[in-house]
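Inside the fold
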Amino acid sequence: MGRPGNFGACQPMRKPFVVILIAMFALGALGIADAKSSKPRFDKPEAVLKWINGYRETPEPERLPDAVHAMAELGLFRELEQAGVYVGFMAGALSAEPARAAELLARMFPLAPEHQVFLVRAIAYSDLPEWRDLLIAFAERMPARKVLIEHYLYGDGKTLFNLPLDESAFVLDAHWGYYFGSGSRKALARIVTALEWVEEKDDVERLTFGAMSKWTLASNATRDEVLKAALTDELETASDVSRRHLRDVIFAAETFETHKIRKAAITAIDELKAKGPAYKRDYAWWGQTGQTVLALGCVAAGAMGQFQLGIPCVIGGAVSTAALKYLAPE
(Lines give C-alpha, C1' and ligand atoms only; values in the text may rest on other atoms or scores of the structure.)
Protein backbone atom coordinates (compact mmCIF):
# COMPACT_ATOMS: atom_id res chain seq x y z
CA MET A 1 0.00 0.00 0.00
CA GLY A 2 2.86 2.35 0.75
CA ARG A 3 4.28 2.21 -2.78
CA PRO A 4 0.98 3.07 -4.53
CA GLY A 5 0.40 5.75 -1.95
CA ASN A 6 3.82 7.24 -2.56
CA PHE A 7 3.22 7.07 -6.34
CA GLY A 8 -0.05 8.91 -5.87
CA ALA A 9 1.67 11.56 -3.76
CA CYS A 10 4.10 12.24 -6.56
CA GLN A 11 1.37 12.64 -9.18
CA PRO A 12 0.71 16.38 -8.58
CA MET A 13 4.41 17.11 -9.21
CA ARG A 14 4.08 15.97 -12.86
CA LYS A 15 1.88 18.88 -13.86
CA PRO A 16 4.44 21.61 -13.08
CA PHE A 17 7.09 19.56 -14.89
CA VAL A 18 4.86 19.20 -17.98
CA VAL A 19 4.01 22.90 -17.85
CA ILE A 20 7.70 23.81 -17.69
CA LEU A 21 8.48 21.45 -20.56
CA ILE A 22 5.72 22.94 -22.71
CA ALA A 23 6.92 26.43 -21.83
CA MET A 24 10.45 25.52 -22.85
CA PHE A 25 9.26 24.23 -26.23
CA ALA A 26 7.11 27.34 -26.67
CA LEU A 27 10.04 29.61 -25.91
CA GLY A 28 12.17 27.65 -28.36
CA ALA A 29 9.52 28.03 -31.03
CA LEU A 30 9.31 31.72 -30.32
CA GLY A 31 13.08 31.96 -30.60
CA ILE A 32 12.95 30.31 -34.03
CA ALA A 33 10.15 32.64 -35.08
CA ASP A 34 12.08 35.64 -33.82
CA ALA A 35 15.15 34.50 -35.74
CA LYS A 36 13.10 34.25 -38.92
CA SER A 37 11.40 37.57 -38.38
CA SER A 38 14.74 39.22 -37.70
CA LYS A 39 15.78 38.73 -41.31
CA PRO A 40 15.42 41.92 -43.32
CA ARG A 41 12.11 42.24 -45.14
CA PHE A 42 11.95 42.71 -48.90
CA ASP A 43 9.81 45.81 -48.47
CA LYS A 44 11.68 48.12 -50.86
CA PRO A 45 13.99 47.76 -53.88
CA GLU A 46 17.05 48.70 -51.84
CA ALA A 47 16.41 45.78 -49.47
CA VAL A 48 16.22 43.34 -52.38
CA LEU A 49 19.41 44.74 -53.91
CA LYS A 50 21.29 44.59 -50.61
CA TRP A 51 20.28 40.95 -50.19
CA ILE A 52 21.40 40.16 -53.74
CA ASN A 53 24.72 41.88 -53.17
CA GLY A 54 25.47 39.78 -50.07
CA TYR A 55 24.15 36.52 -51.46
CA ARG A 56 27.50 35.05 -52.52
CA GLU A 57 28.86 35.42 -48.99
CA THR A 58 25.65 34.24 -47.28
CA PRO A 59 23.47 32.20 -49.67
CA GLU A 60 19.84 31.94 -48.62
CA PRO A 61 18.16 29.92 -51.37
CA GLU A 62 15.13 29.30 -49.18
CA ARG A 63 14.34 33.04 -49.43
CA LEU A 64 14.63 33.15 -53.22
CA PRO A 65 10.88 32.64 -53.87
CA ASP A 66 10.02 35.44 -51.42
CA ALA A 67 12.57 37.69 -53.12
CA VAL A 68 11.04 36.95 -56.55
CA HIS A 69 7.57 37.80 -55.25
CA ALA A 70 8.97 41.04 -53.83
CA MET A 71 10.63 41.88 -57.15
CA ALA A 72 7.25 41.51 -58.84
CA GLU A 73 5.33 43.49 -56.21
CA LEU A 74 7.91 46.31 -56.12
CA GLY A 75 7.77 46.80 -59.88
CA LEU A 76 11.28 45.55 -60.57
CA PHE A 77 9.95 43.46 -63.47
CA ARG A 78 8.27 46.43 -65.13
CA GLU A 79 10.74 46.72 -68.02
CA LEU A 80 12.82 43.85 -69.39
CA GLU A 81 15.77 46.10 -70.29
CA GLN A 82 16.01 47.25 -66.67
CA ALA A 83 15.59 43.81 -65.11
CA GLY A 84 18.80 42.15 -66.28
CA VAL A 85 20.38 42.03 -62.82
CA TYR A 86 17.26 40.39 -61.34
CA VAL A 87 16.75 37.83 -64.11
CA GLY A 88 20.43 36.95 -64.08
CA PHE A 89 20.43 36.65 -60.30
CA MET A 90 17.45 34.30 -60.36
CA ALA A 91 19.21 32.19 -62.99
CA GLY A 92 22.48 32.12 -61.06
CA ALA A 93 20.83 31.27 -57.75
CA LEU A 94 18.94 28.39 -59.40
CA SER A 95 22.13 27.12 -61.03
CA ALA A 96 23.80 26.99 -57.62
CA GLU A 97 21.00 24.79 -56.23
CA PRO A 98 20.38 22.10 -58.87
CA ALA A 99 18.84 19.65 -56.38
CA ARG A 100 16.37 22.26 -55.12
CA ALA A 101 15.65 24.11 -58.36
CA ALA A 102 12.24 22.50 -58.96
CA GLU A 103 11.15 23.07 -55.36
CA LEU A 104 12.24 26.72 -55.40
CA LEU A 105 10.49 27.33 -58.73
CA ALA A 106 7.27 25.76 -57.46
CA ARG A 107 7.26 28.18 -54.52
CA MET A 108 7.55 31.15 -56.89
CA PHE A 109 3.93 30.59 -57.96
CA PRO A 110 1.45 32.12 -58.21
CA LEU A 111 3.07 34.75 -60.41
CA ALA A 112 1.22 37.13 -62.72
CA PRO A 113 1.48 36.23 -66.44
CA GLU A 114 3.44 39.40 -67.23
CA HIS A 115 5.99 38.48 -64.56
CA GLN A 116 6.28 34.90 -65.78
CA VAL A 117 8.28 36.23 -68.74
CA PHE A 118 11.17 36.87 -66.37
CA LEU A 119 10.83 33.45 -64.74
CA VAL A 120 10.92 31.68 -68.12
CA ARG A 121 14.11 33.54 -69.01
CA ALA A 122 15.65 32.79 -65.62
CA ILE A 123 15.06 29.06 -66.11
CA ALA A 124 16.52 29.14 -69.63
CA TYR A 125 19.47 31.26 -68.49
CA SER A 126 20.22 29.03 -65.48
CA ASP A 127 22.55 26.82 -67.53
CA LEU A 128 21.30 23.81 -65.57
CA PRO A 129 21.62 20.56 -67.53
CA GLU A 130 17.88 19.97 -67.07
CA TRP A 131 16.63 23.53 -67.74
CA ARG A 132 14.49 22.31 -70.64
CA ASP A 133 12.86 19.69 -68.41
CA LEU A 134 12.10 22.39 -65.85
CA LEU A 135 10.48 24.59 -68.49
CA ILE A 136 8.33 21.68 -69.66
CA ALA A 137 7.41 20.78 -66.08
CA PHE A 138 6.17 24.30 -65.29
CA ALA A 139 4.69 25.10 -68.72
CA GLU A 140 1.17 24.18 -67.56
CA ARG A 141 1.37 26.79 -64.82
CA MET A 142 2.31 29.44 -67.39
CA PRO A 143 -0.14 28.98 -70.29
CA ALA A 144 0.11 32.67 -71.20
CA ARG A 145 3.83 32.18 -71.86
CA LYS A 146 3.42 29.24 -74.25
CA VAL A 147 4.97 31.08 -77.22
CA LEU A 148 8.02 32.18 -75.23
CA ILE A 149 8.51 28.72 -73.72
CA GLU A 150 8.35 27.09 -77.15
CA HIS A 151 10.78 29.71 -78.43
CA TYR A 152 13.36 28.43 -75.96
CA LEU A 153 12.48 24.74 -76.24
CA TYR A 154 12.07 24.40 -79.99
CA GLY A 155 13.06 27.72 -81.54
CA ASP A 156 16.19 29.82 -81.65
CA GLY A 157 15.91 31.30 -78.17
CA LYS A 158 19.45 31.82 -76.90
CA THR A 159 20.52 31.04 -73.37
CA LEU A 160 22.52 33.62 -71.40
CA PHE A 161 26.02 32.50 -72.33
CA ASN A 162 25.06 32.39 -76.01
CA LEU A 163 23.78 35.96 -76.11
CA PRO A 164 26.15 38.53 -77.66
CA LEU A 165 27.44 40.80 -74.92
CA ASP A 166 26.94 43.87 -77.10
CA GLU A 167 23.30 43.03 -77.84
CA SER A 168 22.00 45.25 -75.05
CA ALA A 169 22.76 46.47 -71.54
CA PHE A 170 20.34 43.80 -70.33
CA VAL A 171 22.83 41.08 -71.33
CA LEU A 172 25.74 42.54 -69.39
CA ASP A 173 23.49 43.23 -66.40
CA ALA A 174 22.26 39.63 -66.52
CA HIS A 175 25.82 38.32 -66.42
CA TRP A 176 26.46 40.42 -63.31
CA GLY A 177 23.25 39.11 -61.76
CA TYR A 178 24.29 35.54 -62.55
CA TYR A 179 27.61 36.17 -60.82
CA PHE A 180 25.87 37.61 -57.75
CA GLY A 181 23.62 34.55 -57.54
CA SER A 182 26.28 31.91 -58.06
CA GLY A 183 29.80 33.36 -58.00
CA SER A 184 30.19 31.90 -61.50
CA ARG A 185 33.66 32.39 -62.98
CA LYS A 186 32.12 31.72 -66.40
CA ALA A 187 29.88 34.78 -66.09
CA LEU A 188 32.76 36.88 -64.77
CA ALA A 189 35.04 35.81 -67.62
CA ARG A 190 32.48 36.95 -70.17
CA ILE A 191 32.23 40.37 -68.52
CA VAL A 192 36.02 40.63 -68.73
CA THR A 193 35.92 39.95 -72.48
CA ALA A 194 33.95 43.18 -72.93
CA LEU A 195 37.12 45.05 -71.98
CA GLU A 196 38.18 44.44 -75.59
CA TRP A 197 35.85 47.30 -76.55
CA VAL A 198 37.37 49.91 -74.26
CA GLU A 199 39.63 50.91 -77.15
CA GLU A 200 36.85 50.84 -79.77
CA LYS A 201 37.34 53.61 -82.34
CA ASP A 202 34.30 53.25 -84.58
CA ASP A 203 31.27 51.95 -82.67
CA VAL A 204 30.05 54.18 -79.83
CA GLU A 205 27.79 51.51 -78.38
CA ARG A 206 30.55 48.92 -78.16
CA LEU A 207 32.80 51.53 -76.61
CA THR A 208 30.06 52.23 -74.08
CA PHE A 209 29.71 48.55 -73.22
CA GLY A 210 33.46 48.25 -72.80
CA ALA A 211 33.49 51.31 -70.53
CA MET A 212 30.53 49.96 -68.58
CA SER A 213 32.28 46.62 -68.09
CA LYS A 214 35.48 48.26 -66.87
CA TRP A 215 33.75 50.60 -64.47
CA THR A 216 31.44 48.00 -62.96
CA LEU A 217 34.31 45.54 -62.52
CA ALA A 218 36.34 48.16 -60.66
CA SER A 219 33.41 49.40 -58.56
CA ASN A 220 32.39 45.93 -57.46
CA ALA A 221 35.97 44.77 -56.83
CA THR A 222 36.48 47.76 -54.53
CA ARG A 223 33.99 46.17 -52.13
CA ASP A 224 34.71 42.50 -52.80
CA GLU A 225 38.07 40.86 -52.09
CA VAL A 226 36.93 37.54 -53.58
CA LEU A 227 36.03 39.27 -56.83
CA LYS A 228 39.35 41.11 -56.84
CA ALA A 229 41.20 37.81 -56.46
CA ALA A 230 39.16 36.27 -59.26
CA LEU A 231 40.02 39.17 -61.55
CA THR A 232 43.70 38.66 -60.74
CA ASP A 233 43.29 35.05 -61.89
CA GLU A 234 41.66 36.27 -65.11
CA LEU A 235 44.91 38.06 -66.01
CA GLU A 236 46.39 34.69 -66.98
CA THR A 237 43.83 33.96 -69.72
CA ALA A 238 42.68 37.41 -70.85
CA SER A 239 43.65 38.81 -74.22
CA ASP A 240 46.37 41.44 -74.41
CA VAL A 241 43.87 44.30 -74.66
CA SER A 242 41.63 42.96 -71.89
CA ARG A 243 44.66 42.27 -69.68
CA ARG A 244 45.82 45.86 -70.00
CA HIS A 245 42.47 47.23 -68.85
CA LEU A 246 42.05 44.51 -66.25
CA ARG A 247 45.22 45.74 -64.59
CA ASP A 248 43.65 49.21 -64.48
CA VAL A 249 40.56 47.68 -62.87
CA ILE A 250 42.55 45.90 -60.16
CA PHE A 251 44.65 48.98 -59.42
CA ALA A 252 41.54 51.18 -59.20
CA ALA A 253 39.92 48.68 -56.83
CA GLU A 254 43.04 48.59 -54.64
CA THR A 255 43.34 52.38 -54.48
CA PHE A 256 39.62 53.26 -54.50
CA GLU A 257 40.17 55.45 -57.55
CA THR A 258 37.29 54.25 -59.72
CA HIS A 259 36.41 57.87 -60.54
CA LYS A 260 39.36 57.92 -62.95
CA ILE A 261 37.86 55.04 -64.91
CA ARG A 262 34.50 56.83 -65.07
CA LYS A 263 36.12 60.06 -66.24
CA ALA A 264 38.14 58.27 -68.94
CA ALA A 265 35.01 56.43 -70.09
CA ILE A 266 32.92 59.56 -70.50
CA THR A 267 35.79 61.37 -72.27
CA ALA A 268 36.27 58.51 -74.75
CA ILE A 269 32.54 58.26 -75.43
CA ASP A 270 32.23 62.00 -75.97
CA GLU A 271 35.21 62.03 -78.33
CA LEU A 272 33.84 59.19 -80.44
CA LYS A 273 30.45 60.88 -80.57
CA ALA A 274 32.06 64.11 -81.74
CA LYS A 275 33.92 62.29 -84.52
CA GLY A 276 31.06 60.02 -85.52
CA PRO A 277 28.16 60.58 -87.89
CA ALA A 278 25.49 63.14 -87.06
CA TYR A 279 22.94 60.68 -85.74
CA LYS A 280 25.47 59.54 -83.15
CA ARG A 281 26.16 63.11 -82.07
CA ASP A 282 22.48 63.87 -81.60
CA TYR A 283 21.54 63.33 -77.95
CA ALA A 284 17.87 63.06 -78.88
CA TRP A 285 18.39 59.36 -79.60
CA TRP A 286 19.18 58.86 -75.92
CA GLY A 287 15.51 59.26 -75.16
CA GLN A 288 14.70 55.93 -76.77
CA THR A 289 14.52 52.82 -74.62
CA GLY A 290 17.79 51.56 -75.99
CA GLN A 291 20.99 49.92 -75.00
CA THR A 292 23.25 52.94 -74.85
CA VAL A 293 20.88 54.94 -72.64
CA LEU A 294 20.88 52.12 -70.12
CA ALA A 295 24.59 51.51 -70.47
CA LEU A 296 25.46 55.15 -69.82
CA GLY A 297 23.20 54.92 -66.79
CA CYS A 298 25.79 52.59 -65.28
CA VAL A 299 28.57 55.14 -65.64
CA ALA A 300 26.49 58.05 -64.39
CA ALA A 301 25.20 56.23 -61.33
CA GLY A 302 28.65 55.96 -59.77
CA ALA A 303 29.48 59.55 -60.54
CA MET A 304 26.34 60.77 -58.79
CA GLY A 305 26.80 58.74 -55.64
CA GLN A 306 23.93 56.36 -56.40
CA PHE A 307 26.12 53.29 -56.76
CA GLN A 308 26.05 52.26 -53.11
CA LEU A 309 25.24 48.56 -52.92
CA GLY A 310 27.73 47.03 -55.30
CA ILE A 311 24.97 46.35 -57.83
CA PRO A 312 26.06 47.30 -61.35
CA CYS A 313 24.29 49.05 -64.17
CA VAL A 314 20.61 49.79 -64.38
CA ILE A 315 18.65 49.09 -61.21
CA GLY A 316 15.68 51.29 -62.06
CA GLY A 317 14.41 54.04 -64.31
CA ALA A 318 15.76 56.74 -62.02
CA VAL A 319 19.33 55.76 -62.84
CA SER A 320 18.73 56.06 -66.58
CA THR A 321 17.09 59.43 -66.08
CA ALA A 322 20.02 60.60 -64.00
CA ALA A 323 22.37 59.54 -66.77
CA LEU A 324 20.54 61.67 -69.31
CA LYS A 325 20.65 64.72 -67.06
CA TYR A 326 24.26 64.19 -66.07
CA LEU A 327 25.81 63.40 -69.45
CA ALA A 328 23.66 65.40 -71.85
CA PRO A 329 25.03 68.86 -72.71
CA GLU A 330 23.58 71.98 -71.14
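Owing to the predicted nature of the structure, the values given are computational and were not obtained by experimental measurement. (Residues numbered from 1 in each chain as written. Predicted model: local features only at pLDDT ≥ 70, side-chain atom pairs only at ≥ 80, totals over all residues. Heavy atoms only, no water.)

A few words on the packing of helix 9 (residues 169-182) against helix 11 (residues 204-223). Helix 11 packs onto helix 9 with a crossing angle of 20° between their chain directions and a minimal axis gap of 11 Å. Looking at the two axes, helix 9 sits roughly parallel to helix 11. Crossing geometry of helix 9 relative to helix 11 is assigned as right-handed. Contacts between helix 9 and helix 11 involve Ala 169, Leu 172, Trp 176 and Phe 180 from the first element and Phe 209, Met 212, Ser 213, Thr 216, Leu 217 and Asn 220 from the second. A per-class count over the contact of helix 9 with helix 11 returns 7 nonpolar, 3 polar and no charged. (Axes fitted to C-alpha atoms, helices over the stretch in contact; angles between N-to-C directions. Helix = DSSP H or I, 4+ residues; strand = E, 2+ residues; numbered from the N terminus. Parallel < 35°, antiparallel > 145°, perpendicular 65-115°, else oblique. Left-handed = near helix turned anticlockwise from the far one by under 90°. Contact = heavy atoms within 4.5 Å. Nonpolar A, V, L, I, M, F, W, Y, C, P; charged D, E, K, R; others polar.)

Turning our eyes to something else, we now look at the nonpolar core. Core analysis: the largest hydrophobic core is formed by 82 residues, its most contacted members being Met 71 and Leu 231. With residues up to four places along the chain from it excluded, the contact list for Met 71 reads Val 48, Ile 52, Leu 76, Phe 77, Tyr 86, Phe 89 and Met 90. Counting 6 residues, the second-largest nonpolar core is a separate cluster that includes Leu 207, Ala 265, Ile 269 and Leu 272. (Core = buried A, V, L, I, M, F, W, Y, C linked by side-chain atoms within 4.5 Å. Buried < 20%, exposed > 50% of the residue type's maximum accessible area, 1.4 Å probe, protein only.)

With respect to the helices, strands and loops of the structure, Arg 145 is situated in the loop between helix 7 (131-138) and helix 8 (146-154). Arg 145 sits 32 residues away from Pro 113 along the chain, and the two C-alpha atoms are 7.2 Å apart. Here Arg 145 is in contact with Pro 113, Glu 114, Gln 116, Val 117 and Val 120, once residues within four sequence places are set aside.

By the element assignment, Lys 214 lies in helix 11. Under the relative-accessibility criterion, Lys 214 is labelled buried at 10%. Distance from Lys 214 to Arg 262, taken between C-alpha atoms, is 8.8 Å for residues 48 residues apart in sequence. Setting aside residues no more than four positions away along its own chain, Lys 214 makes contact with Leu 195, Val 198, His 245, Asp 248, Val 249 and Ile 261.

Before going further, it helps to spend a moment on unusual backbone geometry. Cis geometry is adopted by the peptide bond preceding Pro 110, which originates at Phe 109 and carries an omega value of 0°. Along the chain, the position of Pro 110 falls in the loop between helix 5 (101-106) and helix 6 (113-125). In this model, Phe 256 sits at a positive phi of 60°, which is unusual for a non-glycine residue. The residue Phe 256 is located in the loop between helix 13 (240-255) and helix 14 (258-275) in this model.

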